[in-house]
Structures are given as structure tokens and as C-alpha cells.
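Inside the fold
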Amino acid sequence: QVQLVESGGGLVQAGGSLRLSCAASGRIFSSYAMGWFRQAPGKEREFVAAITWSGRNTNYADSLKGRFTISRDSAKNTVYLQMNSLKPEDTAVYYCAAGTAAYYRPFVTSAYDYWGQGTQVTVSS
């Protein structure tokens with residue numbers, strides 16, 4: 001079992017930055033990939049970014065490249081999502097996820113076995 005706990009969400013003005021953290025505990029395997037997804041009210045959960053546990057490979061949603069950066073600290077078992085130049089349309093609940101199938105299919109929710117409870121990000125205009 002893997003437990004994921006997100007933190008770092010909050011209210012920020014447009015143009016501002018936030019860094020989300022996802023602390024992982026339990027049996028973390030090197031074959032895992034970690035991902036960030038988000039879900040806005042009335043919309044489906046969408047892929048944001050993913051990173052392999054080794055940190056060698058990263059993937060991003062095309063629309064977010066250049067503004068969001070995913071990273072991990074293996075010593076702390078923590079994955080981060082640095083979000084810059086935030087826009088009101090970035091407002092959503094952000095979820096951290098982990099899974100072995102995600103190593104090969106990082107973009108789909110079904111590839112992830114474990115999910116955090118989510119953290120709210122609100123960007124005001």
C-alpha cells in the first residue's frame with residue numbers, strides 16, 4: 001500500500017506561483033511513476049504532469065509546458081509541482097497519484113493505483 005498526501009494549495013492571484021508537494025509513504029518501488037492531475041468543477045480529471053521515480057523521465061500536458069515543473073526528492077519520498085504564471089483557468093483540485101502502469105502510460109488516470117485526497121488551488125483574476 002502507498003499513501004499520498006498533498007499540500008501547498010491555496011488562493012493566489014493571477015500571475016503568481018505555488019508549489020504543491022506530495023508526500024508518499026508505504027512501499028514505493030522504483031518502477032513507479034508519480035503524476036499530478038487536476039479537476040475543475042464540472043470537468044473531468046485531466047493530466048498535468050508525471051515523473052518516473054528515478055526522475056529520469058518527465059511528461060507534461062502540452063498546454064502547461066513552460067509554466068509547470070514536476071520534480072522529486074527521493075530522499076524525502078516527495079514529489080513537487082511548481083506552478084508559475086498561474087491563470088484563473090488553473091483553478092482546480094490537484095491530485096497526486098502513483099502507479100506502475102503509469103511508467104508506460106502516464107497520461108491516463110487508469111494507469112495509477114494510488115491517489116491522494118487532493119489540494120485546492122484557486123487563482124483569482
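Look up: the structure comes first, before these words.
Residues numbered from 1 in each chain as written. Predicted model: local features only at pLDDT ≥ 70, side-chain atom pairs only at ≥ 80, totals over all residues. Heavy atoms only, no water.

**So, the overall build of the protein**
Rules: The numbering of helices and of strands both runs from the N terminus, where a helix is a DSSP run of H or I of at least 4 residues and a strand a run of E of at least 2. Burial status follows relative accessibility: with a 1.4 Å probe on protein chains alone, a residue under 20% of its type maximum counts as buried, one over 50% as exposed, and anything between as partly exposed. Contact criterion: two residues are considered in contact whenever any of their non-hydrogen atoms come within 4.5 Å of each other. To be clear on the numbers: accessible area is Shrake-Rupley with a 1.4 Å probe, and residue cover counts the displayed protein chains and nothing else.
Helix and strand counts for the protein stand at zero helices and eleven strands. Shown N-terminal to C-terminal, the secondary structure of the protein runs as helices and strands in the order β-β-β-β-β-β-β-β-β-β-β. Counting only C-alpha atoms and orienting by the principal axes, one finds that the protein spans roughly 40 × 25 × 25 Å. The buried share of the protein, reckoned over its 125 residues, is 45%. Across the protein, contacts joining residues at least 24 apart in sequence account for 58% of those joining residues at least 6 apart. Total accessible area computed for the protein in this model is approximately 6,300 Å², and 46% of it derives from carbon and sulfur atoms.

**Overview of the nonpolar core**
Soluble globular proteins tend to bury their nonpolar side chains together. Stated precisely, the cut-off is as follows: We define a nonpolar core as any set of buried Ala, Val, Leu, Ile, Met, Phe, Trp, Tyr and Cys residues linked to one another through side-chain atoms lying within 4.5 Å.
Leu4, Met34, Trp36, Leu81, Met83 and Tyr94 are the most contacted members of the largest nonpolar core, which totals 40 residues. Apart from residues lying up to four places away in sequence, Tyr94 is in contact with Glu6, Leu20, Trp36, Phe37, Arg38, Val48, Phe68, Leu81, Met83, Gly118, Thr119 and Val121.

**Concerning the sheet that holds strand β7 (residues 68-73)**
Note the cut-off: Between any two strands, pairing holds if DSSP finds at least two bridges. Axis definition: a line fitted to C-alpha atoms, limited for helices to the stretch in contact. Angles are taken between N-to-C directions and run from 0 to 180 degrees.
Strands sit in the order β1-β3-β8-β7 across an open sheet of four strands; the sheet is antiparallel. Two strands in the sheet have a free side with no partner beyond their single neighbour: β1 (2-7) and β7. When the angles between neighbouring strand axes are averaged without regard to direction, this sheet yields 20°. In terms of strand pairing, strand β3 (residues 18-26) meets strand β8 (residues 78-83) through six bridges, oriented antiparallel. Bridge pairing in β8 links Leu18 to Met83.

**Concerning the pattern of salt bridges**
So the rule is basically this: Any carboxyl oxygen of Asp or Glu within 4 Å of a side-chain nitrogen of Lys or Arg constitutes a salt bridge here.
The final tally for this structure, using the stated rule, is four salt bridges. In this structure, Arg38 engages Glu46 in a salt bridge whose closest nitrogen and oxygen atoms are separated by 2.5 Å. Look at Glu46 and you get partly exposed, because its relative accessible area is 37%. Across the pair Asp90 and Arg67 runs a salt bridge whose closest N-O atoms are separated by 2.8 Å. Of this pair, Asp90 sits in the loop between β8 and β9 (92-99) while Arg67 sits in the loop between β6 (58-60) and β7, placing them 23 residues apart in sequence. For Asp90, a relative accessible area of 1% puts it in the buried group. Where salt bridges share partners, they join Arg38, Glu46, Arg67 and Asp90 into one cluster.

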